[in-house]
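A structural walkthrough
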Amino acid sequence: MIDVQSLVFTYPGQSAPTLKGLDFHIAEGEIFGFLGPSGSGKSTTQKLLMGLLTGYQGSVQILGKDGKSWGTDLYEKVGVGFELPNHFSNLTGFENLQLFGSFYGSKKDPMELLEMVGLTDAAHQRTKNYSKGMKMRLNFVRAILHDPTVIFLDEPTAGLDPVNARKLKDIVLDLKKAGKTIFLTTHHMHDADELCDRIALIDEGEIKLMDSPRTLKLQHGEKKVLVEHSKDGTFQKAEFSLENLHTNDEFMSILQSGALETIHSREATLEDVFIKTTGRTLR
């Protein structure tokens, strides 16, 4: 659905390129996470893929067609949920969707979309009275209003409470089941871990790592388990290698004692992987 080869981009007036030869592809029905700190090139890459920036070097293919050959017809095929929601504040949520729906040849029922994200009761309220979370939910359904094939989501759960964040992530997974291809940029490592089939870690305009979250966590973690248990009325911690764990007498003794409270494997988190790779945090 998306194929990028040797992508280089330099902003006018700058001597050094922002993107330094990116290579990646995204398969049909895949959720692809694009992660990196501010200034790493995430937004630039996304804007190039969406046709909002031009003048790049290399190859960009969207839906089997060269990126430079697409015109405004591209926006019939792609949907975009920007990080900062921007709505017509004096229109209601329903009216906003009606207006944007008028830009497309086919569209979904606005009320069904509002119901999907729990905004039915606010459908006829002006969006200037919406909370940030409500605006984010409206922003999300606006991105899928015209049933796009490829969906770009930028920080889709920002500003959402846990219940609505869960609801939105479930919708994203349903879109994947329906065959949609999703390009997801986020700082929320738990979201990326939970949703993405593969992720790319970008820093200073270069992709440093790219694989499934599970593979990256296993590659960069420790093959150990941390055990918490009680012994003689006191809280104890112990760490054991996964190798031949079943023959480790101390571990088996704790396991059989009935005093075991928790046990956790020591694989890395995605944030651990990023910090280890780049030497800095995502923010």
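Structure report, in brief. Given the structure is predicted, the values throughout are model-derived calculations rather than measurements.

Pairing of strand β11 (residues 224–231) with strand β12 (residues 234–241) involves eight bridges; the strand directions are antiparallel. Pairing of L226 across the sheet is with E239, part of β12. In textbook terms, the turn of a hairpin is the stretch between consecutive antiparallel strands, and for β11 and β12 this stretch comprises two residues, one of which, D232, has a positive phi near 55 degrees.

This part is about the pattern of salt bridges. Enumeration over the complete set of coordinates arrives at 13 salt bridges. One salt bridge in this structure joins D147 and K180, with 2.8 Å as the shortest N-O distance. Note that D147 is positioned in the loop between α4 (132–143) and β7 (150–154) and K180 in the loop between α5 (162–177) and β8 (181–185), a separation of 33 residues in sequence. We classify D147 as partly exposed; its relative accessible area is 40%. Between R166 and E194 there is a salt bridge, and its shortest N-O distance comes to 2.2 Å. Note that R166 is positioned in helix α5 and E194 in helix α6 (residues 189–195), a separation of 28 residues in sequence. When its relative accessible area of 29% is taken as the criterion, E194 is described as partly exposed. Overlapping salt bridges, with partners in common, bring together R166, K169, D170, D191 and E194 in one network.

Looking at where T186 falls in the secondary structure, it is placed in the loop between β8 and α6. Looking at T186, its side chain comes within polar contact range of the side chain of E155, at 3.2 Å. Of the polar contacts made by the side chain of T186, one reaches the backbone nitrogen of H188; its length is 2.9 Å. In this view, T186 contacts F34, L35, E155 and A192; residues no more than four positions away in its chain are not counted.

Bringing the sheet that holds strand β10 (residues 206–211) into the picture now. With mixed pairing, the six strands of this open sheet are ordered in space as β6-β7-β8-β3-β9-β10. The open sheet has two free edges, formed respectively by β6 (78–81) and β10, since each of these has just one partner strand. Between one strand axis and the next, the sheet turns through 15 degrees on average, direction left out of account. In the sheet, strand β3 (residues 31–35) pairs with β8 via four bridges, with the strands oriented parallel. Paired with G33 across the strands is L184, a residue of β8. Running at roughly 155 degrees to β7, helix α1 (residues 42–49) makes contact with β3, β7, β8 and β9 (198–203) of the sheet. Helix-sheet contacts for helix α7 (residues 213–220) involve β9 and β10, and the interaxial angle to β10 is about 100 degrees.

A word on the environment of F32. Topologically, F32 is positioned in strand β3. For the pair F32 and F183, spaced 151 residues apart in sequence, the C-alpha to C-alpha distance is 5.1 Å. Contacts of F32, omitting those with residues within four sequence positions, involve F24, H25, I26, I182, F183, L184, C196, R198, A200 and M210.

A few words on the sheet that holds strand β5 (residues 65–66). Ordered in space as β2-β1-β4-β5, the four strands form an open sheet in which the pairing is antiparallel. Since the sheet does not close on itself, it has two edges, and those belong to β2 (19–26) and β5, each with one partner. Against the sheet, α1 engages β1 (2–9), β2 and β4 (57–62), with an angle of about 60 degrees to β2.

Relative to the helices and strands, D154 is located in strand β7. The charged side chain of D154 is buried without a salt bridge, its nearest counter-charge being K42 at 6.8 Å. Within the local environment of D154, its side chain forms a polar contact with the side chain of T185, the two groups lying 2.7 Å apart. Ignoring sequence-local partners within four residues, the contact set of D154 consists of Q46, G81, F82, E83 and T185.

Conventions used here
Residues numbered from 1 in each chain as written. Predicted model: local features only at pLDDT ≥ 70, side-chain atom pairs only at ≥ 80, totals over all residues. Heavy atoms only, no water. Pairing = 2+ DSSP bridges. Helix = DSSP H or I, 4+ residues; strand = E, 2+ residues; numbered from the N terminus. Salt bridge = Lys/Arg side-chain N within 4 Å of Asp/Glu carboxyl O. Buried < 20%, exposed > 50% of the residue type's maximum accessible area, 1.4 Å probe, protein only. Polar contact = N/O pair within 3.5 Å; in protein donor to acceptor, adjacent residues only side chain to side chain. Contact = heavy atoms within 4.5 Å. Axes fitted to C-alpha atoms, helices over the stretch in contact; angles between N-to-C directions. Lys, Arg positive; Asp, Glu negative; His and termini not counted.

Honestly, that's just the spatial picture; any functional story needs more than this.
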